[in-house]
Amino acid sequence: MTYVEFFDPLAIKNVVTSLTHAPKRVIFLGDNSKLMNRHIARYRQVMADRGVEVEFLCKTVAKRDMKGAVETIKELSAIYPRRANTIYFGGGTPPMLGEQGLRRILETAKTCFSWQGGEVTCEVNPGSGYPVTVEALANMGVNRISVGLQSSNPKELAALGRTHSPEDVQNLFKGAKQAGISNCSVDLMWGILHQTVESAWESVAFACDLKPTHVSAYMLKVEEGTPFGRMGNNLVLPEEDT
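None of the values given here were measured: they were computed from a predicted structure. (Residues numbered from 1 in each chain as written. Predicted model: local features only at pLDDT ≥ 70, side-chain atom pairs only at ≥ 80, totals over all residues. Heavy atoms only, no water.)

Take the confidence of the model for the protein chain next. Of the residues in the protein chain, 63% have a pLDDT of 70 or more, and the chain-wide mean is 76. Mean pLDDT values for the elements of the protein chain range from 42 in strand β1 (residues 2-6) up to 95 in helix α8 (residues 197-209). (pLDDT = per-residue confidence, 0-100. Helix = DSSP H or I, 4+ residues; strand = E, 2+ residues; numbered from the N terminus.)

Okay, structure coming up:
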């Protein structure tokens, strides 16, 4: 099985472990950036320990440059011809590309990587303001969504700068299932500002009530250049042992 990911260098471990079917090979098509290169060696070893072959096919593409993205897929598939039966749109907010953009990338990937039919996942953050509905995702062939819940606590969501509410997540799951997407996973985050052991367990209970097919949980990672990163020593987060 070969799995193709667009375009998230940070979620490699969580993405691969959350797939319904364990792949033998993972191909990451993404940005040739310092951030990508910094994570390549570490995640290549993580996946090697799991018996998964990893290929990083990196090329810089301007944000929302559909033509550049399509041409990159064509070029890379010519250099590394593979058959794929799993496609994953990462990065947290791929629906912001718009329905036409997502559909164009998906159709190009299927053609270039000799699509065998299988799982097509799209990461979705809950809340309003998305130009692509779950109905549109289902119509273009997406049959699995990964939802960034992060927390069911409004105060913790506000600390992360998230604008969605727990009710938005419930509505998203309901809408996805009505559209025919029954394979829905959810992400939780630990180490959030204001988070306690009790609130973390409440988020776990909330996530389980959604009846997802998979739950991913990961620690908050403070990166340089982000709002949290700029706070420096003024940022007080829960202890890791908490």
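Moving on, there is more to tell.
Of all the eight residues making up strand β7 (residues 183-190), seven are buried; the element is thus mostly covered by neighbouring parts of the structure. Where strand β6 (residues 144-150) meets β7, five bridges bridge the pair, whose relative direction is parallel. Paired with I145 across the strands is C184, a residue of β7. Two strands pair when backbone bridges link them, and β7 and strand β8 (residues 214-219) are joined in this way by six bridges, in the parallel orientation. In the strand pairing of β8, W190 is matched with M219. Handedness of the β-α-β unit built from β7, α8 and β8 comes out right-handed. (Buried < 20%, exposed > 50% of the residue type's maximum accessible area, 1.4 Å probe, protein only. Pairing = 2+ DSSP bridges. Right-handed = clockwise from strand over helix to strand, strands pointing away.)

Right, let's get into helix α3 (residues 66-79). With 14 residues, α3 should reach 20 Å at 1.5 Å per residue; the first-to-last C-alpha distance of 20 Å fits that figure. Listed as buried for α3 are M66, G68, A69, V70, T72, I73, L76 and S77. (Expected span 1.5 Å × (residues − 1).)

Along the polypeptide, D168 turns up in helix α7 (residues 166-178). Judged by relative accessible area, which is 27%, D168 ranks as partly exposed. Between the C-alpha atoms of D168 and G127, which are 41 residues apart in sequence, the distance is 5.5 Å. Apart from residues no more than four positions distant in its own chain, D168 is found in contact with P126, G127 and T163. At 2.9 Å, the side chain of D168 and the backbone nitrogen of S165 are in polar contact. (Contact = heavy atoms within 4.5 Å. Polar contact = N/O pair within 3.5 Å; in protein donor to acceptor, adjacent residues only side chain to side chain.)

Here the focus is unusual backbone geometry. Non-glycine residue Q150 carries a positive phi angle of around 70 degrees. Residue position: Q150 is located in strand β6. For Q150, a relative accessible area of 3% gives the class buried. The backbone phi angle of K211 is positive, close to 60 degrees, even though this residue is not glycine. Turning to its location among the elements, K211 is positioned in the loop between α8 and β8. Assessed through its relative accessible area of 63%, K211 is described here as exposed.

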